[in-house]
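Take a look at the letters that make up each chain.
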Amino acid sequence: MKYLFPKSIKEALEYILSEKDSKFIAGGTDLIIQISDGFIIPQVLIDLSQIEKLKKIERTEEGFKIGAAVTLEEIASSKFLPQCLIQGAKSIGSPQIRNLGTIGGNICNASPCGDILAPIIVLEGELILISPYGEREVPAKDFFIGPKKTILAKNEILTEIVFKKLFLNERNSSFRKIGKRNGQTISQVNVAIWLKKREKSNEIEDIRIAVGSVAPIPLRLEKVEIFLKGRTINQEILKDALKVIDEQIKPISDVRASENYRRMVIGSLFQDAFKEIYK
Ligand SMILES: Cc1cc2nc3c(=O)[nH]c(=O)nc-3n(C[C@H](O)[C@H](O)[C@H](O)COP(=O)(O)OP(=O)(O)OC[C@H]3O[C@@H](n4cnc5c(N)ncnc54)[C@H](O)[C@@H]3O)c2cc1C
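Residues numbered from 1 in each chain as written. Predicted model: local features only at pLDDT ≥ 70, side-chain atom pairs only at ≥ 80, totals over all residues. Heavy atoms only, no water.

Quick look at the site of the ligand
(1) Moving on: If you check the shell around the ligand, you find 35 residues, and the closest are Phe24, Gly27, Thr29, Asp30 and Thr102.
(2) Moving on: Backbone polar atom of leucine 31 to an oxygen atom of the ligand: 2.7 Å apart, as the coordinates give it.
(3) Moving on: Between the ligand and threonine 102, the relevant distance is 2.6 Å, taken from an oxygen atom to a side-chain nitrogen or oxygen of the residue.
(4) Moving on: Protein burial of the ligand: of its 990 Å² of free accessible surface, 90% is covered by the chains.
(5) Moving on: Elements with a contribution of two residues or more to the shell around the ligand: β2 (22-25), α2 (31-36), α6 (103-109) and β10 (157-163).
(6) Moving on: Take the shell around the ligand: its biggest share by element is 5 residues, from α6.
(7) Moving on: In the shell around the ligand, the residues fall into 16 nonpolar, 14 polar and 5 charged. (Near = heavy atom within 4 Å. Polar contact = N/O pair within 3.5 Å; in protein donor to acceptor, adjacent residues only side chain to side chain. Areas by Shrake-Rupley, 256 points an atom, 1.4 Å probe, with all protein chains shown as cover. Helix = DSSP H or I, 4+ residues; strand = E, 2+ residues; numbered from the N terminus. Nonpolar A, V, L, I, M, F, W, Y, C, P; charged D, E, K, R; others polar.)

In structure tokens, the structure reads:
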């Protein structure tokens, strides 16, 4: 197998055109397992981890952006990124996995239980995709089309995740997950919430909720958001919101958990995440 280290996005795109049976690799924490299990056998790996432009977290005029090759550990140990993103990254694997694994790899791998997906959806991240033929910007919620399936073309690189209407240091978002044990565990269910209260009141002005592992793709729970918007929340309203959540999710039973279990725990996870930011 040939292993290439482009130093720029341009060079990576040249390789993807010239090397026919090739695949991008970042941290390799998902891809190497797929290769060793024989699911894919690329002849050439194009390593994105030495492209400086993909490794930066930067402020922008409107918010901030995160390069696709930024590691999960850099996000987990950030003091200023949105809380749900930090919590999502912190919950992934072990320190070794977080030191290698990248935000871009988690997104492009598109596992329904990926712990970065719900956070980037509630933060309304925009994915910048670059191919030899041009650039496009896709809302995170439109990127996933099935388990491990995305709209990414073979010759496209996810270069950055851009957050436009957000500001660093915001603490109005939250992430929770449950797995079979406390540490190093894959999500049976995960949930991310972003919310904004009306000034000097407890009324919800705006809210975004996304859940993972309860449908083939991460789901934005728009009906629940509409139900909660404009309300001042008490336990009764929260209980009713749980019924709306139950109507919107489509969990299956698999090796990690049964459909019933997923339906049961999502309510507790949602309430826990909600209460952290709605005080
Ligand atoms: C022991 C273990 C525990 C884990 N625990 C968790 C967990 O708790 N939660 C969780 O969500 N995940 C978990 N994972 C999965 C994994 O660590 C993450 O999904 C990680 O973020 C993948 O990033 P990577 O850089 O290693 O991706 P890679 O393996 O390098 O790539 C994954 C896929 O994305 C493509 N790709 C990568 N970057 C780009 C890019 N910039 N543009 C285009 N395509 C790209 C690759 O071609 C490949 O198809 C675990 C994995 C292991 C081995």
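Thoughts on the pattern of salt bridges
(1) Moving on: In the structure shown here, the tally under the stated rule is 22 salt bridges.
(2) Moving on: Where lysine 243 meets aspartate 240, a salt bridge forms, and the shortest distance between an N and an O atom there is 3.3 Å. Placement of the pair is lysine 243 and aspartate 240 together in helix α9 (residues 235-248), with a separation of 3 residues, close to one helical turn.
(3) Moving on: With a relative accessible area of 31%, aspartate 240 lands in the partly exposed category.
(4) Moving on: It is possible to trace a salt-bridge network through shared partners that takes in Glu124, Arg208, Arg220 and Glu225. (Salt bridge = Lys/Arg side-chain N within 4 Å of Asp/Glu carboxyl O. Buried < 20%, exposed > 50% of the residue type's maximum accessible area, 1.4 Å probe, protein only.)

So, the layout of surface pockets
Taking a probe equal in size to a water molecule and rolling it over the atoms shows the remaining empty space.
(1) Moving on: By volume, the second largest pocket is sized at about 280 Å³.
(2) Moving on: What lines the second largest pocket is a set of 20 residues, among which Leu123, Glu124, Gly125, Lys165 and Arg208 lie closest to the centre.
(3) Moving on: Within the residue set of the lining of the second largest pocket, elements represented by two or more residues are α7 (117-122) and β12 (189-197).
(4) Moving on: Split by residue class, the lining of the second largest pocket holds 9 nonpolar, 2 polar and 9 charged. (1 Å grid on protein atoms, 1.4 Å probe; cavity = no way out; pocket = protein on both sides within 12 Å on 5 of 7 lines; lining within 4 Å. Points joined across faces, edges and corners; volume = space filled by probe spheres on them.)

A look at the packing of aromatic side chains
The description of an aromatic ring pair uses the distance of the two centres, along with the angle that the planes make with each other.
(1) Moving on: On inspection of all chains with the given rule, the structure shows 5 aromatic pairs.
(2) Moving on: With 5.2 Å between their ring centres and 55 degrees between their planes, tyrosine 3 and phenylalanine 5 make a pair best called tilted.
(3) Moving on: Here tyrosine 3 falls in the partly exposed class, since its relative accessible area comes to 37%.
(4) Moving on: With a relative accessible area of 37%, phenylalanine 5 lands in the partly exposed category. (Phe/Tyr/Trp six-rings, centres within 6.5 Å; stacked < 30°, edge-to-face > 60°.)

Concerning the nonpolar core
(1) Moving on: With 36 residues, the main nonpolar core has Ile66, Ile107, Ile116, Ile120 and Leu127 as its most contacted residues.
(2) Moving on: Those elements giving two or more residues to this core turn out to be β5 (64-67), α3 (72-76), α4 (83-90), α6, α7, β6 (126-131), β10 and β12.
(3) Moving on: A per-element tally of this core places α7 first, with 5 residues.
(4) Moving on: If sequence neighbours within four positions are ignored, isoleucine 66 has contacts with Lys56, Ile57, Ile75, Leu81, Leu85, Ile103, Thr159, Glu160, Ile161 and Phe163.
(5) Moving on: In terms of nonpolar packing, the next biggest core, distinct from the first, is built from 30 residues, Val211, Val214, Leu238 and Tyr278 among them. (Core = buried A, V, L, I, M, F, W, Y, C linked by side-chain atoms within 4.5 Å. Contact = heavy atoms within 4.5 Å.)

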